Structures are given as C-alpha cells and as structure tokens.
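Residue-level structural notes
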Amino acid sequence: MTEPLSFPTLLRMIDERSAAFRVAVAAAPSLDSDVPSCPGWTLYDLANHLSEGDRFWAHIVLNTAPGDERPSKDGLAAPREREALIPWLADATEQLITALRDAGPDRSCWAWWEPLASAHTVAAAARRRVAESLIHTYDAQLASGTPQELPTTEAVDAIEEFLATVCTVTIPWPGEPATMDYHAIGAGSWRQTVDAAGSRFTRLTAAEAAENKPTAAIYGTASEMALLMYMRIPNGSLRMEGDADLLQRLQDS
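The notes below deal with the structure included here. (Residues numbered from 1 in each chain as written. Predicted model: local features only at pLDDT ≥ 70, side-chain atom pairs only at ≥ 80, totals over all residues. Heavy atoms only, no water.)

**Concerning the sheet that holds strand β2 (residues 188-195)**
Taken in spatial order, the 5 strands of this open sheet run β3-β2-β1-β4-β5, and their pairing is mixed. Strands with a single pairing partner mark the edges of an open sheet, and in this sheet they are β3 (198-203) and β5 (239-242). Shown here is a sheet whose adjacent strand axes are inclined to one another by a mean of 15°, direction ignored. One ladder, built from 6 bridges, connects β2 with β3; its direction is antiparallel. Its bridge partner lying in β3, Thr193 is registered against Arg200. (Pairing = 2+ DSSP bridges. Helix = DSSP H or I, 4+ residues; strand = E, 2+ residues; numbered from the N terminus. Axes fitted to C-alpha atoms, helices over the stretch in contact; angles between N-to-C directions.)

Here's what the structure looks like:
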C-alpha cells in the first residue's frame, strides 16, 4: 500500500487531470455531445459542473469553517462557446490551486462529509478535487470518443478517498452485517464493513484478506476499481466472489 499523497502532489494531480479534461473538451465534436457515463448530461453540462466545483471549493477553503452553512454556487455558470469555455476552465483550476496553496493543508473548512476518516481540512478538500477531476476527465474522454485508463496512482488514491469520504458514515446499515473486500490487483486491498454502527473501511494485507473471509470480494485493476466505485462501469464487469448482490445494496444505501 502506498503512503498518503503529499499536498504538493495533490495540487499537481489537480492541475494535470484538469489539463487532460480541457484536451478532451477541445477534441469533442460538440459541447452538445452526450456524456454516456452521466446520463442526461451534455459535455457542456459536465464542463460547467467541474469548473463550478473548482470555483466553489476555491471559495470554501479560504472563507469557511467546519459547521458553516453550505456556501452558494450562484453566479458560477460557464460560458457556452468553446473558445471562451477552455480558458474559463483553465482559470477555474488556477483559482482552485491558488486558493488551496494559500490556505495550506491543515486549515479547517466546511465540507459535506462526516469528519470520520476524512477530515474537514484543506488537504481533504484537495484530495476530493483530485478524485472529481480524475473521474470527470474520464467522462469527458468518453464524450469525445477517447476514453483512457485512469493513472494508477490517482486511481488507487481515488479508491481509498471514496471509501473514506463517501462510504465512512455513522448511518446504520439496514441489513445484516457484511464485509466487502476491494482488491486492486498489484496496487492495494481494502475492506468495507457495514453494520448497525454504520460503514467504515480498513486497508488489508494479503494475509489479513486470506485469514478472514468477507461476505463478498471484487477483483480488478486500480482503474477498473475506481470506475466501478463511481459507477462508470457495470457491476458485473469485474470478477466477484461471494454475495453477488452486496455491491448493489451498498450502492443503493
């Protein structure tokens, strides 16, 4: 298992993935192209969403504290002409990176997730924006007809960030207690546990995974696993052992 990514590395990844996003937008036949992985969205909708998020979080990390009301996104709509949209996207990314760097990784800020495995800090916000940029770049590539495998380092961190930020909650699991193992072949393994106390995860060694059999386990590359978690590829596309319905129940909860 790799060590946590440094703050400068997170900023670099945001910059790199955002640049790849702009390349995909520029290469697409039209801003009206459908985004297959985001039903009902056009490429413009996707670009507006990502740039809106960058500007939104740039404001958050500099101007909010934990427990504040959710800030407004009013007035952040992107231009609809591609010639204006590309520099708008670049400016949004620059605003975000500058704000993250100025705030520093340890500053507290507002966040929508429970502060259990993922704190309400600028570093956690940066990590969330890496995952958003990573997945939405894949979405844009699909829309432009040029989908690419996710970079392994970013994909591995996106898996764990998803488990920490999205899946670690105190909301009681409505069914019988269960465990789901996620095996990114050659990159890492994680176990998600759900029960009356909520949902949490741990990193797994090969010995730990073999010693305690889970309710279900999924196997794939780091890219495939991240895309599965974000429901970009079908549940049945990866090898699964054990309770085949558990993943769907987790997604529905």
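What follows continues from the structure just given.
**Some details on unusual backbone geometry**
You will see that Met231, though not glycine, has its phi angle at about 55°, which is positive. The topology assignment puts Met231 in the loop between α7 (222-229) and β5. On the basis of relative accessible area, Met231 is assigned to the exposed category, the value being 53%. (Buried < 20%, exposed > 50% of the residue type's maximum accessible area, 1.4 Å probe, protein only.)

**Some remarks on the packing of aromatic side chains**
Across all of its chains, the model carries 6 aromatic pairs by this definition. Aromatic pair Phe56 and Trp57: ring centres 6.0 Å apart, planes at 80°, arrangement edge-to-face. According to the relative accessible area criterion, Phe56 is buried, its value standing at 5%. On the basis of relative accessible area, Trp57 is assigned to the buried category, the value being 5%. An angle of 65° between the planes, with centres 4.9 Å apart, marks the rings of Phe162 and Tyr230 as edge-to-face. Of this pair, Phe162 sits in helix α5 (residues 152-165) while Tyr230 sits in the loop between α7 and β5, and the two are 68 residues apart along the sequence. Residue classification places Phe162 among the buried residues on the basis of a relative accessible area of 14%. With relative accessibility at 13%, the residue Tyr230 sits in the buried group. Following the ring pairs from residue to residue traces out a cluster consisting of Phe56, Trp57, Trp110, Trp112 and Trp113. The residue whose ring lies beneath Arg239 is Tyr219, and the NZ or CZ to ring-centre distance is 3.9 Å. (Phe/Tyr/Trp six-rings, centres within 6.5 Å; stacked < 30°, edge-to-face > 60°. Lys NZ or Arg CZ within 6 Å of the ring centre and 35° of its normal.)

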